Amino acid sequence: MKRSLLLSLAALLLSTSVHAADFAVDDIRIEGLQQVEPGIVFRNFPILRGDQVDDRRLNEATKDLFDSGYFDDVELLRDGDVLVVRVKERPSIALIRLEGNDLIKEEQLRAALKRSGLDEGSIFKRSALDQIRLELLKVYNEAGRYTAQVNSEIEELSTNRVALNISIKEGKSAVIEKVSIIGNKQFSDEELLPLFDLSVTNAFSWWTDNDKYAREKLSADIERLRSFYLDRGYMQFEVTSTDVSISPDQKQVYLTINVSEGAQFYLKSVEITGNLAVPKEQLEQHLQVAAGELFNRKMIVESNDLIQRELGNSGYLSARSNAIPEVDGKDSVKLKFYVEPGKLTSIRRIEIRGNSMTADEVIRRELPQMEGAIASADLIEKSKSRLNRTGFFSKVNVVSKPVPGSDDQVDLEFTVEEQQLGQIAAGIGYSSADGILFDLSLQQDNFLGSGKQFGFAFSNSQVLTEYSFNFNDPYYTLDGVGRGYKAYYRQRDFAASDVSNYNTNEVGGSINFGYPIDEFQRITLGLGVDKTDVNVNTGVTLPAVITDFTTASGSSYLTYNVTARWKNNHLNNGFFPTEGFLHDVTADVAVPGGDISYFKTTYNGRYYKPLNRDQTWVVGLKTRDGYADALEGGAYPFFQNFFAGGLRTVRGYANNSLGPRDRVTGDTIGGNILVSGSAELIFPAPFIDNESIRGIAFLDAGNVYTTSCGGLDNCSSNINLDDLRLSAGVAMSWITAIGPLSISFGQALNAQTGDTTESVQFALGQTF
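Scope of this entry: the structure provided in the associated data block. (Residues numbered from 1 in each chain as written. Predicted model: local features only at pLDDT ≥ 70, side-chain atom pairs only at ≥ 80, totals over all residues. Heavy atoms only, no water.)

**Some details on helix 4 (residues 106–115)**
Rules: Accessible area is worked out with a 1.4 Å probe on protein chains only. A residue is then buried under 20% of its type maximum, exposed over 50%, and partly exposed in between. Only DSSP runs of H or I reaching four residues or more are called helices, and only runs of E reaching two or more are called strands; each is numbered from the N terminus. Note that the arc is defined by the directions from the helix axis to the C-beta atoms. Here, residues are in contact when the closest pair of their heavy atoms is within 4.5 Å.
Of all the residues in helix 4, the buried ones are L109, A112 and L113. Down the axis, helix 4 shows its buried residues gathered within 100° of arc, on one side only. Facing away from the buried side of helix 4 by over 90 degrees, the exposed positions are E107, K114 and R115. Elements that come into contact with the buried residues of helix 4 comprise strand 7 (92–99), helix 5 (128–142) and strand 9 (161–169).

This is the structure in C-alpha cells:
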C-alpha cells in the first residue's frame, strides 16, 4: 500500500498540468494515437521544440488541435521540460451502407459524400450527419426528387470505428407544370420550346420522362437555346437568368428562362490571317462562312476545325486557329481566323505497346502513317481506325510524344488491348422456321498473332446440317490483297421447311482473293467447285418442275463456280447499327463445262438514320433482292430458287410460304426472282434500361417471282408489284447471354388464297 502511494506521487510530480508555470519546450510527446498519423498532429499543433510557452499560448494550441476535427478530447501535460500531448481520437468510418437508392447509382452518391470529406477510412464527426443528409438531398434535388428523405444511423464497431447506415426514400420526381421564356421577341415560344427536352406532360411522357425535371437536362436545354440564337446571327444573345420554382407540395416545377436576344449580326468580312504555313487558298477552301451571310457560330466552329485539320494533314500537328469576331457597327462583324501553325512535324519513331500476342508486323501494316515521314493528322486517325476494324483489339489509343531536344519531331505511341484471340462457341437455339438449332464453332481471327483467320463450324437443325472450314490471309500480298479457302458439306431437307418432298447433299470448296478499294470497300473474286445430289422422296407426287428437271438433267450435278462480290460497309455497328449504310452485291456463276450452268445474283442493302442525339430512335431501311437464270438455254435448277416469307424477308407470313406453288401438289416452288424490303422504326425497349435490347416497328413487303409460270399457281411471270405481300407489326431483338433472341408479332395486310400466315415468329440463336 505504501509502495503504491509513493509511485502515484512520483507520477504526479513527473506529469503535471502545463498551466502551472512557463517553460521552454525541450521535446513533444504524443499519447493516445491509434489511427491518426503523428504528422497530422504536428501539422495542426502550432508549438515546436525550443518554443517558450505560457498559459495563453498553450490554450490557443489546445484549441487549434481540437479544431482540426480529428479528436474528441485534447489535454496538454508537462513531464519535466517535455510537453505531453494526450489525445482521444474520434472514431473512423469503417463502412458506409446505402439502402433504398434505385434511381441514382451508389457510385454517384458515394462520390457526393466524398466531395464533402465523408469516405470510408476518414475520421467521423457527429456534425457530419447533417452534412450527409444535405449532400445527398442536393443530389436528389438536382434530379428533381424534392420529396426525397435521407436518414442516417451510427453503428459502433470495435477498435474505435463506426459504420454509417444511410436509408434513402427517393420520392417521386417533380413534374414540370410550365416552361416560360421571357424576353424573346424575334422567335415565338412555339419555335423555341421544341428545342427543349424538358416540357410539360404529353402523350409520350410516360416513356421519355421529358416532364421530369433534372438540372443536367435544363443545362443542356439552355445550351441548345443559346446555339439556336448564335447560329442565326444573334452573337450577343444571353440567358440573363434561370428560375426554378417549386410548388408548396414539392411536386410541380415551374421553369422561367429570361433571355436578351440582342441584334442580328451579318459578316462584313471573313479573313484568314497569321503565319499560314500553307497556301492561303488551301485554307480558304475550308471556310463554311462568307461575307454577307448571317453570323453562324456552328459554321464558324466547323471552319476553325477544318482549318486546323488541313494544317495537321500538312504536318503541322500543333497548329491552332482562333476565330475572333470584331463588332463593326450596329449589325455587322468582321471575322478573322488567326492561324498559328507551329513547326512542321515529322514522325521519328512509331512504338507499339500492349500487343503480347499480335506481331508488330500485323499492326504496322495497317498504319498508313510511316516513320520518318511528315506527320499527317488524317493518316494518324486512319491508322487508329484501321486497327479498330481488324477486330483484334478491344481498344486502340494513339498519342504523340515530343522528342526531347527537338521541337519538330514526335514519336507516335499506339497502345492496344488485345481481344481474346481464339473463340470456341457452342449454342442451342430454336426457330419457329427451322426447329431446334445446334451450333459448334472454333474460330481464330488472329491465329498465333499472325493476323490470319481460320475456323471450323458445325450446325444442325431439322432443315440444315452443315460442316464448314475456312482460312483467310488478309495480307497475302503486302498491298492488302487477301487469299482465302473454304470447304463445306451441307444436307438440306426442303420437306422439313414446308417446301417440297426432296432433299439435297452438297459438298464443295472454293478459293477467293480479296482486293481493297478504300477504307470501306472491298472486292472479292473466287473460284469453286460444287457437287450436289438431289434425292426425291419416293411414294409421293412431286411437282412437275422437279420431275422435269431431274428427267432432263439427272439427279447429280457437278458445277464449277466463279464468284464476285462487292461490299461497301459504312455501318457503325455489326449487331445493332444506328447510323450508316451497307451495299453488298454478290454474283455466283456456274460456268459452262459443268453438268449445269446458271448465274445467281443477290443484293443486300441497309440504311440507318438516327432521329435523336443519343441515337436511341432510328429509322432503318433494308432490302434483299435477287435474280437468277440458266445459261446456254437450259433450265434453271429448282434447288437454287429464292424463297420468301418469315423473319428474314416478310414477317407475318410463314417461312418460305410465298411465291409460286405447284398446281397439282400445292408445294412451294420458289422462284428465280426475289424482291423484299422493310422499313423499320427502331426504339429503346420501354421500361427496360438495357442497350442490348431494342424494339422495332416494321412494315415489310416482298414476294418471289419466276420467269416461267407453266403449271404453277399463285405465280407472276417476272415482277408484278401488285403481287407484293405486305405485313406490319412490332418486334424485339435481344442479345442474351446464350445468344441473340428475335421475336416478331406481325400481321399480314393483304394475304391471298393459298398464303400461310403466322402472327408470332421467333428465333433463339439468330438475329433479324
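**Quick notes on helix 3 (residues 55–67)**
Inclusion rule: Take the number of residues in a helix, subtract one, and multiply by 1.5 Å to get its expected span.
With 13 residues, helix 3 should cover 18 Å at 1.5 Å per step; its first-to-last C-alpha distance of 18 Å lies within 8% of that length. If you check which residues of helix 3 are buried, you get L58, A61 and L65. Along the long axis of helix 3, the arc covered by the buried residues comes to 60°, so they all point the same way. Those residues of helix 3 that are exposed and angled more than 90 degrees off the buried face are R56 and K63. On its buried face, helix 3 is in contact with helix 2 (38–44), strand 4 (52–53), strand 5 (71–79) and strand 6 (82–89). G69 occupies a position one or two residues after helix 3 and carries a positive phi of about 90°.

**Thoughts on the pattern of salt bridges**
Oppositely charged side chains can form a pair if their charged atoms are brought close together. Just so we agree on the cut-off: Only one rule defines a salt bridge in this text: a Lys or Arg side-chain nitrogen within 4 Å of an Asp or Glu carboxyl oxygen.
Summed over all chains, the structure comprises 33 salt bridges. Residue D27 is joined to R49 by a salt bridge in which the shortest nitrogen-to-oxygen separation is 3.2 Å. Residue D27 is found in strand 3 (residues 27–31), and its partner R49 is found in the loop between helix 2 and strand 4; the two are separated by 22 residues along the sequence. Among the residues examined, D27 registers a relative accessible area of 29% and is labelled partly exposed. Residue classification places R49 among the exposed positions, given a relative accessible area of 60%. Salt-bridge contacts for E366 lead to R386; the nearest nitrogen and oxygen are separated by 3.4 Å. One end of the pair, E366, is in the loop between helix 11 (360–364) and helix 12 (377–389); the other, R386, is in helix 12, and 20 residues separate them in sequence. Judged by relative accessible area, E366 falls into the buried class, the value being 11%. With relative accessibility at 22%, the residue R386 sits in the partly exposed group.

**Structural notes on the sheet that holds strand 18 (residues 409–418)**
Rules: Here, any two strands with at least 2 DSSP bridges between them count as paired. Only the stretch in contact is used when a helix axis is fitted, and all axes are lines through C-alpha atoms; the angle between N-to-C directions ranges over 0 to 180 degrees.
Ordered by their spatial adjacency, three strands build an open sheet running 16-18-17, and the pairing between neighbours is mixed. Single-partner strands in this sheet number two, and they are strand 16 (346–353) and strand 17 (393–402). Here the average twist between neighbouring strands, direction ignored, is 20°. One ladder, built from seven bridges, connects strand 16 with strand 18; its direction is parallel. In the sheet register, E351 faces strand 18, and the bridge partner there is E413. Contacts from helix 12 reach strand 17 and strand 18 within the one sheet, and its direction differs from that of strand 17 by about 160°.

**Overview of the packing of aromatic side chains**
Within a pair of aromatic rings, the relevant descriptors are the distance that separates the centres and the angle that separates the planes. Which entries qualify depends on this criterion: Working definition: rings of Phe, Tyr and Trp (its six-membered ring) pair if their centres are within 6.5 Å, and the pair is stacked with planes under 30 degrees apart, edge-to-face with planes over 60 apart, and tilted otherwise. Note on criteria: charge over ring means Lys NZ or Arg CZ within 6 Å of the ring centre, with the direction from the centre no more than 35 degrees off the ring normal.
Inspection of the entire model under this criterion finds 19 aromatic pairs. Their ring planes at 85° and their centres at 5.5 Å tell us that F638 and F639 sit as a pair that is edge-to-face. Exposure remark for F639: the relative accessible area of 11% places this residue in the buried category. The lysine or arginine in question, K600, covers the ring of F642, its NZ or CZ lying 4.9 Å from the ring centre. The ring of F698 is capped by R651, whose NZ or CZ atom sits 4.0 Å from the centre of that ring.

**Considering the pairing of strand 27 (residues 580–590)**
Pairing of strand 26 (residues 556–569) with strand 27, which is carried by nine bridges, proceeds in the antiparallel orientation. Bridging from a neighbouring strand, K567 pairs with D584 of strand 27. The pairing of strand 27 with strand 28 (residues 598–610) spans 11 bridges and is classified as antiparallel. Bridge pairing links D588 to K600 in strand 28.

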